[in-house]
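Structural features, examined
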Amino acid sequence: MNSFDPAAYVRDIEAAAHTGGWTLRHLSPCASGTRPWLQRAARARDQAPSFYLSTGIHGDEISGPLALIEMLRLPDFFRDFNTVIFPILNPDGLARGIRENAAGIDLNRDYRNPQSAEIAGHIEALKTLGRFDAAMMLHEDFEGTGAYLYELNEASPITGREIIAAMERHVPIDLRPEIEDFPAHGGVILRREIVGKLGPIAERPQWPEAIYLSLHHSDISYTTETPKPFPLLQRVQAQIAAVEALLKAISLEAARKVSAGSL
């Protein structure tokens, strides 16, 4: 098992934030450390797309947090986007290497009727932020044989297949026809398949972060899953590639809308 030190990670996040000109705020702390979140306006602010990114909600999934710190250290990675990042939602779980928080709550099922202070605080912060052009959450599958993702979009400027293709440069793709009990298409689980299996997403008794965001903050939502049995460096690179692919797509879509508006 890969060890993860939340306090050291937060120090690295905050150093990268200060260097990169991010506004740094904090959610309520946990026993294992603070929970910073970051916000920065696009370099060219006129009609720049907005982007939401989160990691570290499951404490046994570390490729997302580690990928994020690498992205923050690249000064131009998010420069064209109004960006909000929540890098470490579950420090206690990360300190212990467990999925849940210290109280045994799976934080990624706690967004409908929050029982945890971690998610209650996250939702309060989200209520101040409005809507995003796209959102992405970085996860891992403990028993994964390849990368896959959930695509909760009604319509989008990019298909999950393009994100998966970017991830495939670093890890194999999970090509099973059914993943986590849902029909899958080349590693992509579509919103319509989830609705077909479980009914309207708003009616689910437990909401993961992706559903909360899809209902309240963004029409375009992706959750990546990298395969934990593969080397950590490959998983980190796959996560970075996924984010990069989505950023490119929403940038192109924003440019298309500007061009259409000028005609």
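Each value, and the rule that gives it
Residues numbered from 1 in each chain as written. Predicted model: local features only at pLDDT ≥ 70, side-chain atom pairs only at ≥ 80, totals over all residues. Heavy atoms only, no water. Buried < 20%, exposed > 50% of the residue type's maximum accessible area, 1.4 Å probe, protein only. Helix = DSSP H or I, 4+ residues; strand = E, 2+ residues; numbered from the N terminus. Phe/Tyr/Trp six-rings, centres within 6.5 Å; stacked < 30°, edge-to-face > 60°. Pairing = 2+ DSSP bridges. Axes fitted to C-alpha atoms, helices over the stretch in contact; angles between N-to-C directions. Contact = heavy atoms within 4.5 Å. Parallel < 35°, antiparallel > 145°, perpendicular 65-115°, else oblique. Left-handed = near helix turned anticlockwise from the far one by under 90°. Nonpolar A, V, L, I, M, F, W, Y, C, P; charged D, E, K, R; others polar. Core = buried A, V, L, I, M, F, W, Y, C linked by side-chain atoms within 4.5 Å.

1. Description of helix H2 (residues 63-72)
Turn by turn, an α-helix covers 3.6 residues, leaving residues three or four places apart pointing in a common direction. The buried fraction of H2 amounts to eight of the ten residues, a majority that puts the element mostly inside the structure. Those residues of H2 lying buried are Ser63, Gly64, Pro65, Ala67, Leu68, Ile69, Met71 and Leu72.

2. A closer look at the packing of aromatic side chains
Per the counting criterion, the structure on display carries nine aromatic pairs. Taking the centre distance of 5.1 Å and the plane angle of 50° together, the rings of Phe4 and Tyr9 count as tilted. Taken as a pair, Phe4 and Tyr9 share a single burial class, namely buried. Taking 6.0 Å as the distance between ring centres and 40° as the angle between the ring planes, the aromatic pair formed by Tyr111 and Tyr212 counts as tilted. Of this pair, Tyr111 sits in the loop between helix H3 (91-96) and helix H4 (117-126) while Tyr212 sits in helix H7 (residues 209-216), and the two are 101 residues apart along the sequence. In this pair, the class of Tyr111 matches that of Tyr212, namely buried. Pairwise contacts between aromatic rings join Trp22, Phe51, Phe77 and Phe78 into one cluster.

3. A closer look at unusual backbone geometry
Even without glycine at this site, Glu180 takes up a positive phi of about 50°. With respect to the helices and strands, Glu180 occurs in the loop between strand S7 (178-179) and strand S8 (182-183). By relative accessible area, Glu180 is classed as partly exposed at 44%. Unlike most non-glycine residues, Asp181 shows phi in positive territory, near 70°. With respect to the secondary-structure elements, Asp181 resides in the loop between S7 and S8.

4. Here we look at the sheet that holds strand S10 (residues 221-227)
Reading across the sheet, the eight strands line up as S1-S2-S4-S3-S5-S10-S6-S9 and stay open at both edges, with mixed pairing between neighbours. Unpaired on one side and paired on the other, strand S1 (23-30) and strand S9 (188-190) mark the two borders of the sheet. Between one strand axis and the next, the sheet turns through 15° on average, direction left out of account. Taken together, the three bridges between strand S6 (residues 148-151) and S9 define a ladder with parallel strand orientation. Its bridge partner being in S9, Tyr150 is matched across the sheet by Ile189. Packing of H7 onto the sheet brings it into contact with strand S3 (50-54), strand S5 (134-141) and S10, and relative to S5 it is tilted by some 170°.

5. Here's the deal with the packing of helix H1 (residues 6-20) against H2
Packed helices, taken two at a time, are described by the angle between their axes plus the distance between the axes. At a minimum axis distance of 9 Å, the contact between H1 and H2 shows a crossing angle of 25°. Taken together, the axes of H1 and H2 lie roughly parallel to each other. The handedness of the crossing between H1 and H2 is left-handed. In contact with Tyr9, Asp12, Ile13 and Ala16 of H1, H2 contributes Pro65, Leu66, Leu68, Ile69 and Leu72. A per-class count over the contact of H1 with H2 returns eight nonpolar, no polar and one charged.

6. A closer look at the nonpolar core
Core analysis: the biggest nonpolar cluster contains 47 residues, and Phe51, Leu53, Phe78, Met136 and Val243 have the highest contact counts within it. Among the elements of the structure, H1, S3, H2, S5, helix H5 (160-167), S9 and helix H8 (232-262) are those that each provide at least two residues to this core. Each residue touching Val243, except ones within four places of it in the same chain, is listed here: Phe51, Leu53, Met71, Phe77, Phe78, Met136 and Leu138. Core analysis: the second largest hydrophobic core is formed by 31 residues, Trp37, Val84, Leu129 and Ile189 among them.

7. Thoughts on H7
Judged by how many residues are buried, H7 sits mostly within the fold: six of eight residues are covered. Buried within H7 are the following residues: Glu209, Ala210, Ile211, Tyr212, Leu213 and Ser214. Its buried side turned inward, H7 meets S3, H4, S5, helix H6 (191-198) and S10.

8. Quick notes on the environment of Ala210
By secondary structure assignment, the location of Ala210 is in helix H7. The exposure class assigned to Ala210 is buried, which follows from its relative accessible area of 7%. With eleven residues separating them in the primary sequence, Ala210 and Ser221 have C-alpha atoms 6.6 Å apart. Setting aside its immediate chain neighbours within four residues, Ala210 contacts Met137, Leu152, Ser221 and Thr223.

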